[in-house]
Amino acid sequence: MPIKHPNLQPEPMNGAIPAWHGKIAAGDLQPICQGVRDGGGRLLALWGSDWRVTQHGFVLHTLLVNEAGLVCLNLPLAEDHPVYPDISHIFPQANRMQRAAYDLLGIYAHEGGDHRKWLRHGAWHSGSFPLRKDFDAAQSRSDELDAYPFVHVEGTGVHEIPVGPVHAGIIEPGHFRFSVVGEKMLRLEQRLGYTHKGIEKRFESMTLQQGAKLAGRVSGDSSVAYAWAYAMAAEGIAGITPPARALWLRALFLERERVANHLGDLGYLGSDVALSFGFAQFWILKEQMLRNNAALFGHRYLMDRIIPGGVTADLSAEGRRMIEEECAMLEREVRLLRGIYDDHAGVQDRFIGAGRIEPKLAAQLGLCGLAGRASAQAWDARVQFPCAPYDRLDVQMATYRNGDVAARVIVRFDELLESLRLQREILVNLTGGDELAMPLEKLPGNGFGVGMVEGWRGEVMVAVHSNAQGNLARVHPHDPSWQNWPVLEHAVLDNIVPDFPLINKSFNLSYSGQDL
Amino acid sequence: MYQILKQIVKTGIKTEAAPQPDEAMRVEPQRLQQQILDVLGRALAIRHVDAGSCNACQLEIQAVNNAYYNIEGLGIKFVASPRHADILLVTGPVSRHMETALKLTYDATPEPKLVVAIGDCARDGGIFGASYASCGGVASVIPVDVMVSGCPPTPSAILQGILTAISAQK
């Protein structure tokens, strides 16, 4: 059991990763969070749910993680006054999550320093909350303009550069407000929520199977990670374990997703420092891989290949040979291109020292995923909580201390090569049994499950609550971008404006995954 | 430098033949005259607007720039402002929070202009549908000339959609 506290009696949760949940009282939230923080633990996610139809009011769910596992603290909130103690002074990354929980559900962090809206712009009225079960979409519709109080920097020579929501490249929308002196950035403030499309509400009208498709589209570049985390949560509630072959195939899909994204980003990191050769080369490799995905599994991004209970695509002997050849080709080419990046003075001059996050700041702000590992935050769910088949794969985690763009590039290269090794290992182990999925039509009633998967960007978590009839009562997908977006505001400080695209791309965070 | 040149020579030319226009993708009759199409066909500027997608459609639009599809080789390039654009490429269901930004981008694009909606969500809201936060398809907010289906559509389908938008209607 990962957390000891006299007022917490955690019950173990069924599932592939070690997790517990327990009810707490309002007064215990801050002490427990502080204890976890002092012990080196982190806040993974925070969300709320509406159980007023079953006379249980609102509940705040705070998901903490330390080296022993996950603990979900469930704090019941009064129906007429749903207020809870602020934890953003303990975990700074809680700030935006608490504000989003208010915008969507109307539960409020008492005494928090920052009560500005976050996910709500002007689409629905303040005072109406989409995730409440009695929300009336037509009644709540509003067309007010988004007036958001940015923090202004004043002084001689300071000016603001507003960017977005529509950006100059082929990327997602969001607003960045730079305060600069000359070329130097004094402050960056992000305004996200533009792609908020009501994903969490949508889940509540879906069957378990439809939900799997939606989970795979929370953030399209992490489709496999989300679909697996969703399936893991559902399988935990149902108390089933997918067939061994299905688990091996899921890991194969996840590593292929990681390789494809790293290839694409390494290409863009080249073109962002004017080495268009890098974009051309890496995107040839990425395209070859995506074509193999389409030929072998029927989808370039492996969407809908993972379902609750198993997978929908198998690998033939011929397919295995194709992947072996592809891995050998990629290993050869990536090593060659890495040598070119390493030896290129112009590239290294731009990479080294840009957008640095010191390990201490990373720990303080809860930086996670590949960006965290580039700043000495040695967390990787595949290593920390190796669920099958990772328990048999011995993943070598890539870490680095420098925390700059160069470090994030090094971590990407290392993880890419490690993923190629893992794919080969998986192919060797992919034997026996031809069963791809166990039937899982419907969830048992009143269940609660969590799934966590180390996606290419970081840890992707999906929490699923079922109601008395076994339908989806509440689904909360959590993207590592929640943790990492605020850290980007720090990474750019004292850098020059033209380096922002490079620094931003080295993190490559999801807008859709955070906007929901 | 030697390594880079050697690699370029070794890689060779990967570019494949561009797909032919597909009339089935057209949802509005061609509005542009032949003379304009002749000019656009040789130097076309595209502005991409993500109006709320899950980002998978962006991955495929980015792929249209890779060596296999080599959209720039056809004289078509992506530009950084709607003021420079002939075509808007719109992805995603239109979130209510992006509705105004999309309309403003459309208004900022000089005439003659065309709109290509990319992906199932841009067609009718896709899996996200229409809701308190989503307007549904792109056509519910701005006029659409060509629609490319798929979740996400392949790079060839996207290229085909763009080429359809600037071809004469048969």
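Residues numbered from 1 in each chain as written. Chains lettered and ligands numbered in written order. Predicted model: local features only at pLDDT ≥ 70, side-chain atom pairs only at ≥ 80, totals over all residues. Heavy atoms only, no water.

Undergrad: Help me understand the overall build of chain B in this model?
TA: Helix and strand counts for chain B come out as six helices and five strands. Seen in sequence order, chain B has helices and strands lined up from the N terminus as α-α-β-α-β-β-α-β-α-β-α. A compact globule built from 170 residues should have a C-alpha radius of gyration of about 15 Å, and chain B, at 17 Å, falls within 12% of that. Along the first, second and third principal axes, the C-alpha set of chain B runs to 55 × 35 × 30 Å. With 170 residues in all, chain B has 60% of them scored as buried. Carbon and sulfur atoms make up 56% of the accessible area of chain B, which totals about 6700 Å². With 14 positive and 15 negative side-chain charges, chain B shows a separation of 7 Å between the mean positions of the two kinds. (Helix = DSSP H or I, 4+ residues; strand = E, 2+ residues; numbered from the N terminus. Rg over C-alpha atoms; globule rule 2.2 N^0.38 Å. Buried < 20%, exposed > 50% of the residue type's maximum accessible area, 1.4 Å probe, protein only. Areas by Shrake-Rupley, 256 points an atom, 1.4 Å probe, with all protein chains shown as cover. Lys, Arg positive; Asp, Glu negative; His and termini not counted. Charge placed at Lys NZ, Arg CZ, Asp CG, Glu CD.)

Undergrad: Before we go on, may I ask you to explain the domain arrangement of chain A in this structure?
TA: Bring the parts together and some accessible area is lost; that lost area is often taken as the interface size. All names here are of chain A. According to the domain assignment, chain A contains domain 1 (11-140) and domain 2 (199-515). When each unit is reduced to the centre of its C-alpha atoms, the spacing between domain 1 and domain 2 is 26 Å. The partner domain 2 presents 36 residues to the 42 residues of domain 1 that form the contact. Summing both partners gives a buried area of about 3100 Å² for domain 1 against domain 2, and 65% of it is carried by carbon and sulfur. Contact with domain 2 buries area across many residues of domain 1, yet Arg-42, Trp-47 and Arg-96 alone supply 20% of it, more than any other trio. Along the contact surface separating domain 1 from domain 2 lie three salt bridges. Where domain 1 meets domain 2, there are 15 residue pairs in polar contact (both at pLDDT 80 or more). The set of elements that each furnish at least two residues to the side of domain 1 that touches domain 2 consists of strand 2 (19-23), strand 3 (42-50), strand 4 (58-66), strand 5 (69-77) and helix 2 (94-105). At eight residues, the largest contribution of residues to the side of domain 1 that touches domain 2 is made by strand 3. (Domains from an automatic or database assignment. Contact = heavy atoms within 4.5 Å. Buried area = accessible area lost by both parts, 1.4 Å probe. Salt bridge = Lys/Arg side-chain N within 4 Å of Asp/Glu carboxyl O. Polar contact = N/O pair within 3.5 Å; in protein donor to acceptor, adjacent residues only side chain to side chain.)

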